[in-house]
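# Descriptive analysis of the structure
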Protein chains: 4
Amino acid sequence: MIKVGVIGALGKMGSEVVKAVINNNETKGEMILVCAVDKFKTGENVWGNVAIESDIEKALEVNKPDVVVDFTQPALVFENTKKYINSKVKSVIGTTGLSAEQIKELEKLSKENNTGCFIAPNFTTGAVLMMMFSKMASKYFDNAEILEFHHNQKKDAPSGTAVKTAQMMAEINPDFTKGNVPETELIQGSRGGNFNENGKGNIRIHSIRMPGFVASQEVIFGAPGQTLKIRHDSINRECYMGGVELAIKHVFNNNEFIYGLENIL
Amino acid sequence: MIKVGVIGALGKMGSEVVKAVINNNETKGEMILVCAVDKFKTGENVWGNVAIESDIEKALEVNKPDVVVDFTQPALVFENTKKYINSKVKSVIGTTGLSAEQIKELEKLSKENNTGCFIAPNFTTGAVLMMMFSKMASKYFDNAEILEFHHNQKKDAPSGTAVKTAQMMAEINPDFTKGNVPETELIQGSRGGNFNENGKGNIRIHSIRMPGFVASQEVIFGAPGQTLKIRHDSINRECYMGGVELAIKHVFNNNEFIYGLENIL
Amino acid sequence: MIKVGVIGALGKMGSEVVKAVINNNETKGEMILVCAVDKFKTGENVWGNVAIESDIEKALEVNKPDVVVDFTQPALVFENTKKYINSKVKSVIGTTGLSAEQIKELEKLSKENNTGCFIAPNFTTGAVLMMMFSKMASKYFDNAEILEFHHNQKKDAPSGTAVKTAQMMAEINPDFTKGNVPETELIQGSRGGNFNENGKGNIRIHSIRMPGFVASQEVIFGAPGQTLKIRHDSINRECYMGGVELAIKHVFNNNEFIYGLENIL
Amino acid sequence: MIKVGVIGALGKMGSEVVKAVINNNETKGEMILVCAVDKFKTGENVWGNVAIESDIEKALEVNKPDVVVDFTQPALVFENTKKYINSKVKSVIGTTGLSAEQIKELEKLSKENNTGCFIAPNFTTGAVLMMMFSKMASKYFDNAEILEFHHNQKKDAPSGTAVKTAQMMAEINPDFTKGNVPETELIQGSRGGNFNENGKGNIRIHSIRMPGFVASQEVIFGAPGQTLKIRHDSINRECYMGGVELAIKHVFNNNEFIYGLENIL
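Let us look at the structure shown here. (Residues numbered from 1 in each chain as written. Chains lettered and ligands numbered in written order. Predicted model: local features only at pLDDT ≥ 70, side-chain atom pairs only at ≥ 80, totals over all residues. Heavy atoms only, no water.)

## A short note on the overall build of chain A
Just so we agree on the cut-off: Only DSSP runs of H or I with at least four residues qualify as helices, and only runs of E with at least two residues qualify as strands; both kinds are numbered from the N terminus onward. The cut-offs for exposure are 20% and 50% of the maximum accessible area for each residue type, with area from a 1.4 Å probe on protein chains only; residues under the lower value are buried, those over the upper are exposed, and the others partly exposed. Pairs of residues are marked as contacts when any of their non-hydrogen atoms sit within 4.5 Å. Computed with a 1.4 Å probe, the accessible areas rest on the Shrake-Rupley method; for each residue, only the protein chains presented here act as cover. Working convention for charge: Lys and Arg count positive, Asp and Glu count negative, and His plus the chain ends are omitted. Every charge is mapped to an atom, namely NZ of Lys, CZ of Arg, CG of Asp or CD of Glu.
Looking only at helices and strands, chain A has seven helices and 14 strands in total. By the burial criterion, 58% of the 265 residues in chain A qualify as buried. Sequence-distant contacts in chain A: of pairs separated by 6 or more residues, those separated by 24 or more amount to 70%. Surface exposure of chain A reaches about 10700 Å², of which carbon and sulfur atoms provide 49%. Looking at charge distribution, chain A has the averaged site of its 29 positive side-chain charges lying 1 Å from that of its 31 negative ones.

What follows is the structure in structure tokens.
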């Protein structure tokens, strides 16, 4: 049974991780919660007999988790992760906030300490599979567009997932508007945003924003007489937990540094 | 039994109308083909014992159809329709090519001659219902966007149907982006084209173009915790025939001038 | 400004109603929370300066709400509603648990006391519109089937909403499998459940059950060359709030007994 | 440039293949039509300067095609294919009518003659990708159901594609109803047909039948908080042509016996 510690255990994501670990313990018996760290409610037994601790290093030392999970704020994650590796505790880190250099530094540290570390910006299995399948389908379809749907409190369009999907597709096929006639936009923007990096892609991305969506994406491939649609819908934070469990088990069984859930699917 | 004549009977739409009338005759017995006019194959019995004729006025005089159906070219339709009305033959006219003035003139002529005439730019029952339902839902939702999907040989975006739908929705609700945070387009156009007429609408329209689609549209309404989607897909010209049959029966039974299928649904 | 009281204010639905009333007050200023009743936390100021009370009748007397909202348990709702009417306080009642006789009795009481009362089993605007549109489309399509999607903790199939939708459609069109060839089920049940009441309907209903859905339904209409799809997705309890607000305003402005949200859309 | 012969060139599929080869020649220049065989219209130049021939063996001898494509009737295909192999002409064969023994015999013959032969029951790239992706996703999701949509002239339910998809998924995951509560069908069949072979699968299949669909399938995977949907829509026979072109190029470049498009995607 994998001994798991959760850092930031009272946060929105952290508390979901705690629930998922406890649920795994009850239904599959693969893992057990051994410590929970947060700056609030120190000493309280929020879940069963695990009291909340406030000092990360002490918690690691005392409870000896096999794997810690950290979904705290971007500002903390980098320093925290160094602590885990230096303490030779394997970790699963969820963040979109690390720079390429920080990731490189953590990879180096992980190897020097021979301590596995799994970092990913997205733990939603279905979303990562959607991206992988879209890349694979790109070999066989000359036309594709991306639709992404989010709540209306999201500021940027298109979403990071849509851009990443487009990048993966453009590696395989440089032009997804093959055979299109020259087009006129009677209302500017109606044909969407044109993703094109280094002359590759020509993938139209359409961002829809309204209440009633959390995060959805549909990639549509077209060919004469047929369309193939790959769609993912997230409706709440539980969607991350399948990926977190996979990552915990992977880093426990394989002592590697890994960036991105796609590398273990 | 309604006696039907088809003008432009060998055209793409005309030949579908002929098939639909013959099929109605065989399965429901509501109508019968009495004449077929085209400039090609004069005298040939393409369908049963109805030989193709080349002269419209003579065909009307000899065969005395109750209703003629005309889906010929925009350039011909206006003059043809005047002939039908002046000959006191009821007609069903399919075209997007008439100007507002031409429609007015035909309405006047129809009333003076007391001869019913049914004109519509779109005979697809499902598409017209989609527009009507979208208008009705607009009263109860503060957020909505329109997605329309066509083959990649279509030049203009957005489609006429999408614009008409947006106009109908904007009559009911002046702003479909209520509560949206200020948005930044990282790729220009990704939020779609903003439909806004006379300060009303703010409906984002997204046009998708690729092979594998004929004509589809989805109107999405969002509110906290829910979305309502109204979608129509056309896959071939048969989709017009339900509306054409309705129109033939309506103009036969009601001696009126009508513009638009929505007025009889 | 409508003075609103919430009964069962700490319940899952009750607390959403409280949030919705407070949010309406802040953003639209149409209503204000004047009292909140629950059996727990008596005296606590959970929301602003409204303390939780435990006695319904006293709360009505002291705070004089224009409208009370009650989404408590089926076992309590009937008696509670009689209290509201007898106290001449208008009410909005959310429950699927009342019998036809109980509804009749409440209607009689409401009229005798000249006190408006609005009862509905479903307050989701989008779901009710989906049913209404499906009924309307039934006049123009000879083929339709219903798909409904729920989480895998739901025991019964099909859902109540699917059955009600089918009943509304069957009123308009007695057979939605027109023209289908005789069918063989190679795996029993693959063609779904056949809704047929009093020889009317023949609407196939397909119930999908898995985690990742809360409550969704899609009604698909087919005709040669076209399909029309009306789909509703609920992802959390917020979906009820639009309908609750409409009902509060309706019963405040119209002193009637009404059963069913469809009667005010 | 690959020299292609089409057998059954006037058939529904054969004439699409002819069109696809000619179109490939004009737009990509990878292949050229060198002969067309059918029992009708012998000697007529239906396409450019290729006259229709009636004798297969003579046509092969005279025109020396690199690859022949045969989508004729099941009753003919087996004997035809033996002719192609014995004449040492590579072939692409489209049929669902061959028995396992016949396929084995053709494989043996192909190897003995060192002559490539590509046989597939389904040439639709998107449909085959849908099946492959569904198999892959089955490793990461514990819940899934299959929806398939066809026109109402289809006799059997579920479709062969749905059953094949379920078989591929069941290889990976023996139970796709994990965690479902015990269910009651208020209308029999509403939960669909339960695919289960050798105690594996438990995949509910739902077959929808109505005009307006040609052939569509959606595989839905569910997990807490998320769903992944893989959907394929065919709207006419053109959908096969991408796969036929891939097969022609593959068998030309790789002198193998292959059964199933999935083996070259």
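Structure's up, so let's keep going.
## As for the relation of the copies chain B and chain A
To keep things clear, this is the line we draw: To line up the copies, we fit them by least squares on C-alpha atoms, keeping just the residues with pLDDT of at least 70 in both.
Rotating chain B by 180° about the axis while translating it 0.0 Å along that axis superimposes it on chain A, leaving an RMSD of 0.1 Å. What we have between these two chains is a two-fold relation. Rotation axis and chain B: the residue whose C-alpha lies nearest the axis is B:Gly189, separated from it by 1.9 Å. An overlap of 100% is found between the interface residues of chain B and their copies at the interface of chain A, pointing to a shared contact surface.

## Notes on helix 3 (residues 74-86) of chain C
Residue and element names in this part refer to chain C. The condition is simple: Here the expected length of a helix is defined as 1.5 Å per residue gap, with one fewer gap than residues.
With 13 residues, helix 3 ought to run about 18 Å at 1.5 Å a step, and its terminal C-alpha atoms sit 19 Å apart, in line with that. Where helix 3 is concerned, the buried positions are Val77, Phe78, Asn80, Thr81, Lys82, Tyr84 and Ile85. On the buried face of helix 3, the contacting elements are strand 1 (2-7), helix 2 (56-63), strand 4 (67-70), strand 5 (90-94), helix 4 (100-112) and strand 6 (117-120). Positioned one or two residues after helix 3, Lys88 has a phi angle of 60°, which is positive.

## Considerations on the interface of chain B and chain A
Which entries qualify depends on this criterion: When two parts are put together, the accessible area they lose, computed with a 1.4 Å probe and summed over both, is reported as buried area. Here a polar contact is recorded for every N or O atom pair within 3.5 Å, except that within protein the pair must consist of a potential hydrogen donor and a potential acceptor, and residues adjacent in sequence are included only if both atoms are side-chain atoms. For this classification, the nonpolar set comprises Ala, Val, Leu, Ile, Met, Phe, Trp, Tyr, Cys and Pro, the charged set comprises Asp, Glu, Lys and Arg, and every other residue, Gly included, is treated as polar. By this definition, two strands are paired if DSSP reports at least two bridges between them.
Opposite the 49 residues of chain B that make contact, chain A presents 49 residues. Here chain B packs against chain A, burying approximately 3600 Å² in sum over the two surfaces, 61% of which is carbon and sulfur. When the buried area of chain B at its contact with chain A is split by residue, B:Val181, B:Ile187 and B:Met210 rank highest and sum to 14% of it. Where chain B touches chain A, the interface holds 28 residue pairs in polar contact (both at pLDDT 80 or more). For the side of chain B that touches chain A, the secondary-structure elements that each account for two or more residues are strand 7 (143-150), strand 8 (156-157), strand 9 (184-185), strand 10 (193-197), strand 11 (200-209), strand 12 (215-223) and strand 13 (226-234) of chain B. Partitioning the side of chain B that touches chain A into residue classes produces 19 nonpolar, 19 polar and 11 charged. Bridge count for strand 8 (residues 156-157) of chain A against strand 9 of chain B is two bridges, and the pairing is parallel.

## Here we look at the interface of chain C and chain D
Put simply, the test is: Salt bridge, as applied in this entry: a Lys or Arg side-chain nitrogen positioned within 4 Å of an Asp or Glu carboxyl oxygen.
Taken residue by residue, the interface counts 49 residues in chain C and 49 residues in chain D. Per-residue buried area on chain C facing chain D is highest for C:Val181, C:Ile187 and C:Met210; these three make up 14% of the total on that side. Here chain C is connected to chain D by zero salt bridges. Linking chain C with chain D are 28 residue pairs in polar contact (both at pLDDT 80 or more), by the criterion used here. Contributions of two or more residues to the side of chain C that touches chain D are made by strand 7 (143-150), strand 8 (156-157), strand 9 (184-185), strand 10 (193-197), strand 11 (200-209), strand 12 (215-223) and strand 13 (226-234) of chain C.

## Some points on the relation of the copies chain C and chain D
Between the two copies, chain C and chain D, the superposition gives an RMSD of 0.1 Å; the rotation angle is 180° and the shift along the axis is 0.0 Å. Counting the interface residues of chain C, we find that 100% of their copies in chain D are interface residues as well, pointing to one common contact surface.

## Digging into the sheet that holds strand 3 (residues 52-53) of chain A
Residue and element names in this part refer to chain A. Let me state the cut-off plainly: With axes taken as lines fitted to C-alpha atoms, and helix axes fitted only over the stretch in contact, angles between N-to-C directions fall between 0 and 180 degrees.
What the seven strands build is an open sheet, ordered 3-2-1-4-5-6-14; its pairing is parallel. Because the sheet does not close on itself, it has two edges, and the strands there are strand 3 and strand 14 (257-259). Judged from the four bridges that link them, strand 1 (residues 2-7) and strand 4 (residues 67-70) form a sheet pairing that is parallel. Residue pairing in the sheet places Ile7 in a bridge with Asp70 of strand 4. The sheet strands contacting helix 2 (residues 56-63) are strand 1, strand 2 (31-37), strand 3 and strand 4, and the helix crosses strand 2 at an angle near 145°. Across the face of the sheet, helix 4 (residues 100-112) comes into contact with strand 6 (117-120) and strand 14 while running at roughly 160° to strand 14.

## Overview of the packing of aromatic side chains
Formally: Stacked, tilted and edge-to-face are the three classes assigned to paired rings of Phe, Tyr and Trp, where Trp is represented by its six-membered ring and a pair needs centres within 6.5 Å; plane angles under 30 degrees give stacked, over 60 edge-to-face, the rest tilted. By definition here, charges over rings are those cases where NZ of Lys or CZ of Arg is within 6 Å of the ring centre and within 35 degrees of the ring normal.
Considering all chains together, one arrives at 18 aromatic pairs over all chains under this definition. Seen in terms of ring centroids, A:Phe149 and A:Phe213 are 5.1 Å apart; in terms of plane orientation they differ by 40°. Their pairing is tilted. With a gap of 64 residues between them, A:Phe149 in strand 7 (residues 143-150) and A:Phe213 in the loop between strand 11 (200-209) and strand 12 (215-223) connect regions that are remote in the sequence. Residue A:Phe149 is classed as buried on the basis of its relative accessible area of 2%. Ring geometry for D:Phe141 versus D:Phe221: centroids 5.7 Å apart, planes at 50°, classification tilted. With D:Phe141 in the loop between helix 5 (125-137) and strand 7 (143-150) and D:Phe221 in strand 12 (residues 215-223), this residue pair connects regions lying 80 residues apart in the sequence. Each member of the aromatic cluster is reached from another via a ring pair, and the members are A:Phe71, A:Phe118 and A:Phe123. Lying across the ring of B:Phe149, B:Arg231 places its NZ or CZ 4.7 Å from the centre.

## A word on the sheet that holds strand 7 of chain B
Ordered in space as 10(B)-11(B)-7(B)-12(B)-13(B)-13(C)-12(C)-7(C)-11(C)-10(C), the 10 strands form an open sheet in which the pairing is mixed. Of all the strands in the sheet, the pair left with one neighbour each is strand 10 of chain B together with strand 10 of chain C. With direction set aside, neighbouring strand axes in the sheet form an average angle of 20°. The sheet strands contacting helix 6 (residues 160-172) of chain B are strand 7, strand 10, strand 11 and strand 12 of chain B, and the helix crosses strand 11 of chain B at an angle near 160°.

## A closer look at the pattern of salt bridges
Applying the stated criterion across every chain, the model contains 64 salt bridges over all chains. Measuring nitrogen to oxygen at the nearest pair gives 3.3 Å for the salt bridge that ties B:Lys135 to B:Glu171. Taken together, the positions of B:Lys135 in helix 5 (residues 125-137) and B:Glu171 in helix 6 put the pair 36 residues apart, joining distant regions of the chain. Across the pair C:Arg231 and C:Glu218 runs a salt bridge, and its minimum N-O distance is 2.8 Å. Taken together, the residues span a long stretch of sequence, with C:Arg231 in strand 13 and C:Glu218 in strand 12 at a distance of 13 residues. No difference in accessibility class separates C:Arg231 from C:Glu218, as the two residues are buried. One network of salt bridges, in which partners are shared, links A:Glu218, A:Arg231, A:Asp233 and D:Lys229.

## Points about the side chain of C:Lys90
Residues and elements named next belong to chain C. Within the secondary structure, Lys90 is located in strand 5. No salt bridge is formed by the buried Lys90, whose closest oppositely charged neighbour, Asp66, lies at an N-O distance of 7.7 Å. Separated by 2.9 Å, the side chain of Lys90 and the backbone oxygen of Phe252 make a polar contact. Non-local contacts of Lys90, meaning those with residues more than four positions away in its chain, are made with Asp66, Val67, Val68, Thr115, Gly116, Val251, Phe252 and Asn255.

## Things to note about the packing of helix 5 of chain B against helix 5 (residues 125-137) of chain C
The test is simple: Orientation is classified from the angle alone, with under 35 degrees giving roughly parallel, over 145 giving roughly antiparallel, 65 to 115 giving roughly perpendicular, and any other angle giving oblique. By convention, the crossing between two helices is left-handed when the near helix turns anticlockwise from the far helix through less than a right angle, and right-handed when the turn is clockwise.
Remark: helix 5 of chain B packs on helix 5 of chain C, axes separated minimally by 11 Å, with the N-to-C direction vectors making an angle of 150°. Considering the angle they form, helix 5 of chain B stands roughly antiparallel to helix 5 of chain C. Regarding helix 5 of chain B and helix 5 of chain C, the two cross each other, and that crossing is right-handed. Where helix 5 of chain B abuts helix 5 of chain C, its residues B:Leu129, B:Phe133, B:Met136 and B:Ala137 lie against C:Leu129, C:Phe133, C:Met136 and C:Ala137. For the contact of helix 5 of chain B with helix 5 of chain C, the class distribution of residues is eight nonpolar, no polar and no charged.

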